[in-house]
Each structure stands twice: as structure tokens, then as C-alpha cells.
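Structural description and commentary
One letter stands for each residue in the lines below.
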Amino acid sequence: MIDQNICKFSKLAKELRKHIISMNCYAGSGHPGGSLSSVEIVTYLFSKEINFSPDNKDDINRDRFVLSKGHACLVLYAALAWKGFFSTEEFKKLRHIGGMLQGHPDRLKTPGVEFNSGSLGQGFSFALGCALGAKRKKLGFRTYALLGDGELNEGQIWEGMMFGAHYHLDNLVAIVDYNKYQSDDLNTNVTALEPLIDKFKAFGWYAMEIDGHDFREIGNALDRAKKIKGKPSIILAHTIKGRGISFMENNPKWHGSLAPQGDERECAFKECGCEGLEL
Amino acid sequence: MMTMRDAFGQTLIELAKERDDFVVLDGDVAGGTGTHIFREAFPDRFIQCGIAEQNMMSVAAGLSTTGVIPIVACYAVFASMRAIEQARNSIAYPAFNVKIAASHLGVDVGPDGATHQAIEDIAIYRAIPNFKVISPADPVELAKALPVVLDMKGPVYLRTGRSPLPSFMDESQDFKMGKAVLLREGRDATIIAVGVMVHRALKAAEILEKENILCSVINMSTIKPLDSAAIIEAAKKTGAIVTAEDHNIIGGLGGAIAECLAGHCPVPLERVGIRDTFAE
């Protein structure tokens, strides 16, 4: 990957982080931690990987991006606005009655949203349905599902893991934003997930492990997934919850639903480059 | 006499010969829901999801974005309880074009026992926005209703059944969603029935006639949207309503009609059904 691309991705990632913090503060609530950990993954998908834009949003053959960890919709909204699905002015009405941007994604209200995710596990199965539909109709599109690590507690995920392998859904990639924290605590202190890679492999998936903040590793894993035939791929992307805002990093408090106030808000504005934002 | 599940399977086959726009999803209960004969006839249009109903519901939602209409065939206890949150959030809230066809309703299930006797499914599905709820009374009405359900865009919960039922609905009459069917006219009371209770309501009306009590009988095969006009008209004309359903008397057909009458035309109401208990 040429450095010029990395530079472009980094710039967009910075912009998405700025929008995440500004949206979070406009709303006064939301889920910043798991949005910030997904920024590099979403940046890469939307700027390089997926064939999805306002021009083909109703095309049956568009690539599907499903944010199964729906609470991280701040990062999705930031990416969709960057793609031109709606104006950044909408950010000001996030989580407000009558606003286009709901507290969790709503496909009927927000252009570019594929699925009403937020109830964990369901977006993953929805994505499997898209991928199976593509196979049945010989549509060429690919499906990408972004999962949370806490989401892997859901039994539905493992139902879906069996289903995806059984139907050889090699047109689907699941990416786990493995930031190690879920709503209340570290995954290991809730119901431990490890050994995850072994579990994915045992369920018949092609499993990869990467640094989820490294664009080269994200790109390489997605490229490799395209070459794998006969089984679905899953990328375990190690990330840092709250990445980019010092006081939010690795602190489960910033899972949500809340927004920084006072000095913390000033600090967050400074670190993401939106000083002087008027709320 | 024919079971509603057999009628469902056969109707699917007949429809599949004419149209290629639907697929059937199964959770390893094809013999139970009547879709096993469809699987034999159209194996490419039958999707086995295993005993994993939650995944099946959300998979159906995803499939519906690829130009097919998924019909999820399932036992009603699983469709209305185990996987209800998936039906709500994956199908109803995003308003995907998915149809859920549920068999094994109420005590009609028979000796499998209370774990498999759904006595709550009407109450649950009718409380979810965007779902239409349909429960045909016999094989004829089921065969007429299924193409209408497929032609209508959006989520539908269709109740089939398990036990054999006589065919008595008018072959020449089209199924109209949201329209009650008046089967018999009387002056003293109206029995409004659903599903397996409709032919029993007709029998009850015959027995009552011998005692000089003349009853109207209405087949309320669409529970949502409810035909309020037909209920109000019957209440005004006969002055009393009896509801009959193989379902808990709380929240089902009786509950729906009580809501309608209380708001528009309060008359004496007797709800016949399962009296808030598990059966056997």
C-alpha cells in the first residue's frame, strides 16, 4: 500500500474522530468508546473497500456494510456524511426527536443505513442473510459486518457462525472490533471470550488476527479474505476502546451512554481538533 | 378434512409453480410445519436454518434485501417467543418484506403438551407495529390468503395449524386482508371466531338455533388490522358478542374485540378461550 493512501486514510480517520466527538457532545449522550475504536476499520472500508455510495444505495448489487454493534453508530454516521449521504448539519440533531440520526441506526430514517442494529447479534445474522441472498441470485456484491467483542456473548452470534460456515459464505467478512471492554467491564471479567481465534476456526471460518488501528494490516486482511473460497472470513481486530481521546482510552465508563462535560470536553475537543465547537 | 399444515405445504407448491419470488426458511421442523413436501418439490427454494430460530429471523431480513420474499416457517412458540425480539427488531422495525408462517397453535397442538402449545402468539404479534396478523379458518381460506400475503409488501404473521379441519369457506370468495367474513346471520348475539374455532362456532350456532337463540357468526381471519366496522355493526345489530379462540383470553382475539367495543360500542361480551392457564 502506498504511503499516499495511508496519509489519506489517516486524514479521514482524524475527521471521523472529530465528528464522533462533536456528535456525542451535540447529543449529550451516545457511545463514544466503541465508535472511536472502530474508526480505522470504518475509514478503510468506506474509503477503499466497499462499493457503496449515494449513487448506488438502492442497487441490489451494492456492497452491504452492516454495523452489527449498532451502538457505535457515531462512527457510521460520520462515515455516511463523508460519503455524501447527508449533511453534517444533521449531526446537531442526533438523538433528538424528529432528527434523521437515531440513537441506534434506523434504515427508514437515515440514508445509507442498511439495518436497524443495536440489539446485539442481529446485524450479524442479517449480514449472513444478505450474503446467502447474493449467492442464491448470483449477485456479485460482498457483505461486511462489524461486530463488537461484547456482542460475542450473544448466542445468536454462534448460531450465525454455524450458519455462515454451513452455507460456505465466502462473500462475507465479519470484523470484530476487539477493544476488550464491553458495557460494564473487561470482557474477561464478564464472561470470558478467549480463545477467540480457536473458536472461530473450530466453527469453520477463516480467521485472521490484526491490529485494528493499522491500515496496512486492515487492508491486507480484507484482501486475503477475498481470496478465500468456500468459507466465510472473520478478522479479529485488536483495538483500543476510546482510541484517540486520552481520558477515554481503556476506560469502560466511556462505553456510554454519556458525553464529556467541562474540562473533559475541552480536552476531547483539543485532542480531536474541534476546539471552539459551539453546542 | 385436511390439516392446515398440509394445506400450507401444498399451497406453497402450487404458488411456487407460478411465481419464483419466494423462498421458505425452516428450523428443522419441516415435517411439523408442512414444508417438507415443498422441500421435496423445490429443494433450491428451501433454506434449512437448523434449530436456531433467532438467527433464522434475522437471516430472513437480510435475504429480503436480495429480491426474494422469505417465508419463515416455524412453530408458533418459537416464532412468537423464542425469536420474537428478532422478529421485532430485524423484521418489523426496519419493515422488511418477510412473512412468518406459524404452526402449532393453542391446544390444537394436542399431546405434545404445553411447551409447544402457543396460547400467546396473537397477543404478542398484534402488539408489534408493522406486523399484520392473519389466521385462516380452513384450508380453502389459507390457500386464498397466502398469495395475498405474498403480494402485500411488509411483515406478516400468518397462522396455519396442526390438526385436520373441514373445508367450509366459500371457494368463490377472495381473501381480503382486514375484512371480516360474515358466515351466518342471527339476531340475538354474534359469535366472532378465529382459526380452528370458526367451524366450531358454526356448530354452536346450529345447536343454539334449536333453542331458538339465533346467532350471527363472523370469521375474523385478519386480527390486525382489525375490521372494527364489522364488529361495531354486529354489536349494534345483535347487542351481544361472544369471541372464540384457541388462545389465551387475555390479549388475543377476545382482547382485540374488547378494545374495539370499549371504544366504540360497549355491549355485553363473553370471551371463550383458554382461561389464562397452561393446558395439557
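Computed from a predicted model, the values in this text were never measured in an experiment.

A tally of helices and strands in chain B yields 11 helices and 14 strands. Compactness check: chain B gives a C-alpha radius of gyration of 18 Å against a globular reference of 19 Å for 280 residues, within 12% of the reference. For the C-alpha atoms alone, the extent of chain B along its principal axes is close to 55 × 35 × 35 Å. In chain B, which comprises 280 residues, the proportion classed as buried is 55%.

Okay, the overall build of chain A next. Within chain A one finds 10 helices and five strands. With respect to the three principal axes, the spread of C-alpha positions in chain A is 50 × 45 × 40 Å. Per-residue burial over chain A gives 53% buried out of 279 residues. Expressed as a percentage of contacts within chain A between residues at least 6 apart in sequence, the contacts between residues at least 24 apart total 77%.

Let us look at the interface of chain A and chain B. Reports of interface size often rely on the accessible area that becomes lost once the parts have come together. Taken together, the contact pairs 23 residues of chain A with 22 residues of chain B. Counting only elements with at least two residues in the side of chain A that touches chain B, the list comes to α5 (122-137) and α6 (155-166) of chain A. Residues of the side of chain A that touches chain B, tallied by class, amount to 12 nonpolar, eight polar and three charged.

Let us look at the pairing of strand β2 (residues 22-26) of chain B. All names here are of chain B. In terms of burial, β2 is largely enclosed, as four of its five residues are buried. Two elements, β2 and strand β4 (residues 69-75), share five bridges in a ladder whose sense is parallel. Residue pairing for β4: F22 is matched across the bridge by I69.

Residues and elements named next belong to chain B. Per the domain assignment, the segments making up chain B are domain 1 (2-165) and domain 2 (181-274). Taken together, the contact between domain 1 and domain 2 spans 22 residues of the former and 21 residues of the latter. Counting only elements with at least two residues in the side of domain 1 that touches domain 2, the list comes to α7 (121-126) and β6 (132-134). Taken together, the residues of the side of domain 1 that touches domain 2 break down into 11 nonpolar, four polar and seven charged.

To continue, consider helix α11 (residues 253-264) of chain B. All names here are of chain B. In a regular helix each residue adds 1.5 Å, so 12 residues correspond to 16 Å; α11 covers 16 Å between its end C-alpha atoms and thus fits that length. Along α11, the residues classified as buried are L253, G254, G255, A256, I257 and L261. Looking at the buried side of α11, the elements it contacts are α7, β10 (189-193), β12 (222-224), α10 (228-238), β13 (241-248) and β14 (269-274).

Counting through the fold element by element, A:L139 comes out in the loop between α5 and β2 (143-148). When the 18 C-beta atoms within 10 Å are taken as the criterion, A:L139 is described as partly exposed.

What follows is about the sheet that holds β13(B). Residues and elements named next belong to chain B. The strand order across the open sheet built from five strands is β9-β11-β10-β13-β14, with neighbouring strands paired in mixed fashion. Single-partner strands in this sheet number two, and they are β9 (181-184) and β14. Across the sheet, the mean angle separating the axes of adjacent strands is 25° when strand polarity is ignored. In the sheet, β13 pairs with β14 via five bridges, with the strands oriented parallel. Within β14, the position partnered with A244 by the bridge is V272. Each of β10, β13 and β14 touches α11; the most contacted strand, β13, lies at about 145° to it.

Here we take up the sheet that holds β2(B). Residue and element names in this part refer to chain B. Strands sit in the order β3-β2-β4-β5-β7-β6-β12 across an open sheet of seven strands; the sheet is mixed. Two strands close off the open sheet at either side, each with one partner strand: β3 (46-48) and β12. Geometrically, the sheet is characterised by an average inter-axis angle of 20° between neighbouring strands, direction not taken into account. With two bridges connecting them, β6 and β12 associate as antiparallel partners.

So, on to the environment of A:S246. The topology assignment puts A:S246 in the loop between β5 (233-238) and α10 (262-272). Along the sequence, A:S246 and A:E271 sit 25 residues apart, while their C-alpha atoms lie 7.9 Å from each other.

Before going further, it helps to spend a moment on unusual backbone geometry. Note the cis peptide between A:G256 and A:S257, where omega equals 5°. With respect to the helices and strands, A:S257 occurs in the loop between β5 and α10. Cis peptide bonds are those with omega within 30 degrees of zero, and the linkage from B:K224 to B:P225 qualifies with 5°. On the secondary structure map, B:P225 appears in the loop between β12 and α10. Its identity is not glycine, yet A:K138 carries a phi of approximately 55°, on the positive side. With respect to the helices, strands and loops of the structure, A:K138 is situated in the loop between α5 and β2. Backbone geometry places B:A95, a non-glycine residue, at a positive phi of 60°. By secondary structure assignment, the location of B:A95 is in the loop between α6 (84-92) and β5 (99-103). Assessed through the 17 C-beta atoms surrounding it within 10 Å, B:A95 is described here as partly exposed.

Another point: helix α8 (residues 139-151) of chain B. Given a rise of 1.5 Å per residue, 13 residues ought to cover 18 Å, and the 19 Å separating the end C-alpha atoms of α8(B) matches this to within 8%. On its buried face, α8(B) sits against β1 (2-3), α1 (4-18), β5, β6, β7 (156-159) and β8 (164-165) of chain B.

Turning to the packing of helix α4 (residues 53-63) of chain B against α6(B), a few remarks are in order. Residue and element names in this part refer to chain B. Direction vectors running N to C along α4 and α6 enclose 10°, while the axes themselves pass 9 Å from each other. Taken together, the axis directions place α4 and α6 in an arrangement best described as roughly parallel. Seen from α4, the contacting residues are Q54, M57, S58, A60 and A61; seen from α6, they are Q86, A87, S90 and I91. Classifying every residue of the contact of α4 with α6 gives five nonpolar, four polar and no charged.

Moving on, we come to the pairing of strand β11 (residues 215-219) of chain B. All names here are of chain B. With five of its five residues buried, β11 lies for the most part within the structure. Side chains C215, V217 and N219 project from β11 onto one buried face, and the interleaved S216 and I218 project onto a second face that is buried too. The pairing of β10 with β11 spans five bridges and is parallel. Directly across from T190, in β11, lies its bridge partner S216. In the classification by handedness, the crossover that spans β10, the intervening helix α9 (residues 197-210) and the parallel β11 is right-handed.

Thresholds, definitions, all that
- Residues numbered from 1 in each chain as written.
- Chains lettered and ligands numbered in written order.
- Predicted model: local features only at pLDDT ≥ 70, side-chain atom pairs only at ≥ 80, totals over all residues.
- Helix = DSSP H or I, 4+ residues; strand = E, 2+ residues; numbered from the N terminus.
- Rg over C-alpha atoms; globule rule 2.2 N^0.38 Å.
- Buried ≥ 20, exposed ≤ 12 C-beta atoms within 10 Å, placed from the backbone.
- Contact = placed C-beta atoms within 7 Å.
- Nonpolar A, V, L, I, M, F, W, Y, C, P; charged D, E, K, R; others polar.
- Pairing = 2+ DSSP bridges.
- Domains from an automatic or database assignment.
- Expected span 1.5 Å × (residues − 1).
- Axes fitted to C-alpha atoms, helices over the stretch in contact; angles between N-to-C directions.
- Parallel < 35°, antiparallel > 145°, perpendicular 65-115°, else oblique.
- Right-handed = clockwise from strand over helix to strand, strands pointing away.

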